[in-house]
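As a plain string of letters, each chain reads:
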Amino acid sequence: VGTVAARGFSAAIAALGGPIGAAITALTLLSIGWTIYDETQGEAIEEQQKAQQELENTIVTAQEEAEQIQVNAQHAEELANRYNELKDELDNLTKSTDNNAESSKKAGEIRKEMGNISDQIQSLLHADAIQFDEDGKINKKTIETLANANKQMCLQKIQGAQDQIQADYDTKNALIET
């Protein structure tokens, strides 16, 4: 058995061009292996850096969204104050005994402006509807509640992106280590 193995080994060495040819072949294969390993590792590092950049971009975008949510909430509150002032003005106008064409026209303009403000608040807060108090004024707690809900969605978006990127990072890191 040993002689058969020795003959097979000798034949393989001869087929590769003798001991020097076998050494060159082995070094070539080793070099190819290292090149593939380096390329794989390089690609994994590049993918890892790409994932890190995606995470940073997601966080920056979410921070910008959070800032915009705050700005929108402040603007919505200002609009709610204006709406409520208009509601008082409309109530005073309709209580007056002066039901002439001019006061009717003014009441129509006020109602139209109130409708526009209501639409703007809904748009700013991404809401289907806003709540009104019993007196017909905008409930300002609604604005706070909607703004907080928007902030929570933003935070969930960040967390989801971080979790996904962390999973990708862990996978690629394992590839680098192997």
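Describing the overall build of the protein chain
Then, number 1: For the protein chain, the count of helices and strands is four helices and zero strands.
Then, number 2: Shown N-terminal to C-terminal, the secondary structure of the protein chain runs as helices and strands in the order α-α-α-α.
Then, number 3: Counting the 178 residues in the protein chain, one finds 25% classified as buried.
Then, number 4: By sequence separation, contacts in the protein chain at least 24 residues apart represent 68% of the contacts at least 6 residues apart.
Then, number 5: Summed over its atoms, the accessible surface of the protein chain is roughly 12200 Å², and 54% of this surface lies on carbon and sulfur atoms.

Looking at the confidence of the model for the protein chain
Then, number 1: With 69% of its residues at a pLDDT of at least 70, the protein chain reaches an overall mean of 75.
Then, number 2: By mean pLDDT, helix 1 (residues 2–15) is the weakest element of the protein chain at 53, and helix 3 (residues 101–124) is the strongest at 89.

A closer look at the environment of Thr142
Then, number 1: Position of Thr142 relative to the elements: it lies in helix 4 (residues 140–177).
Then, number 2: A sequence separation of 17 residues divides Thr142 from Leu125, and the C-alpha atoms of the two residues are 9.9 Å apart.
Then, number 3: Contact partners of Thr142, with chain neighbours within four places excluded, come to Ile130 and Gln131.

Examining the pattern of salt bridges
Then, number 1: Enumeration according to the criterion identifies five salt bridges in this entry.
Then, number 2: Note that Glu85 and Arg82 form a salt bridge whose closest N and O atoms lie 3.7 Å from each other. Here Glu85 and its partner Arg82 are both found in helix 2 (residues 18–95), three residues apart, which amounts to about one turn of the helix.
Then, number 3: We classify Glu85 as partly exposed; its relative accessible area is 48%.
Then, number 4: Judged by its relative accessible area of 31%, Arg82 falls in the partly exposed class.
Then, number 5: Here Asp88 ties to Lys137 by a salt bridge, and the two come within 2.7 Å at their closest N and O atoms. Here Asp88, found in helix 2, pairs with Lys137, found in the loop between helix 3 and helix 4; they are 49 residues apart in sequence, far enough to count as distant.
Then, number 6: For Lys137, a relative accessible area of 19% gives the class buried.
Then, number 7: Among the charged side chains, a salt-bridge network with shared partners connects Arg82, Glu85 and Glu113.

Brief notes about helix 3
Then, number 1: An ideal rise of 1.5 Å per residue puts 34 Å on 24 residues; helix 3 measures up with 35 Å between its terminal C-alpha atoms.
Then, number 2: All of the buried residues in helix 3 are Ser103, Ala107, Ile110, Met114, Ile117, Ser118, Ile121, Gln122 and Leu124.
Then, number 3: Phi for His126, located one or two positions after helix 3, is positive at around 50°.

Considerations on the nonpolar core
Then, number 1: Among the nonpolar cores identified, the biggest contains 17 residues, and Ala76, Ile110, Met114, Ile117, Ile121, Ile138 and Ile143 are the most heavily contacted of them.
Then, number 2: Counting only elements with at least two residues in this core, the list comes to helix 2 and helix 3.
Then, number 3: Broken down by element, the residue count for this core peaks at seven residues, all from helix 2.

A closer look at the side chain of Lys87
Then, number 1: Within the secondary structure layout, Lys87 lies in helix 2.
Then, number 2: The class of Lys87 is buried, set by a relative accessible area of 16%.
Then, number 3: Here the side chain of Lys87 touches Asp91 through a polar contact of 2.8 Å, side chain to side chain.

Rules behind the numbers
- Residues numbered from 1 in each chain as written.
- Predicted model: local features only at pLDDT ≥ 70, side-chain atom pairs only at ≥ 80, totals over all residues.
- Heavy atoms only, no water.
- Helix = DSSP H or I, 4+ residues; strand = E, 2+ residues; numbered from the N terminus.
- Buried < 20%, exposed > 50% of the residue type's maximum accessible area, 1.4 Å probe, protein only.
- Contact = heavy atoms within 4.5 Å.
- Areas by Shrake-Rupley, 256 points an atom, 1.4 Å probe, with all protein chains shown as cover.
- pLDDT = per-residue confidence, 0-100.
- Salt bridge = Lys/Arg side-chain N within 4 Å of Asp/Glu carboxyl O.
- Expected span 1.5 Å × (residues − 1).
- Core = buried A, V, L, I, M, F, W, Y, C linked by side-chain atoms within 4.5 Å.
- Polar contact = N/O pair within 3.5 Å; in protein donor to acceptor, adjacent residues only side chain to side chain.

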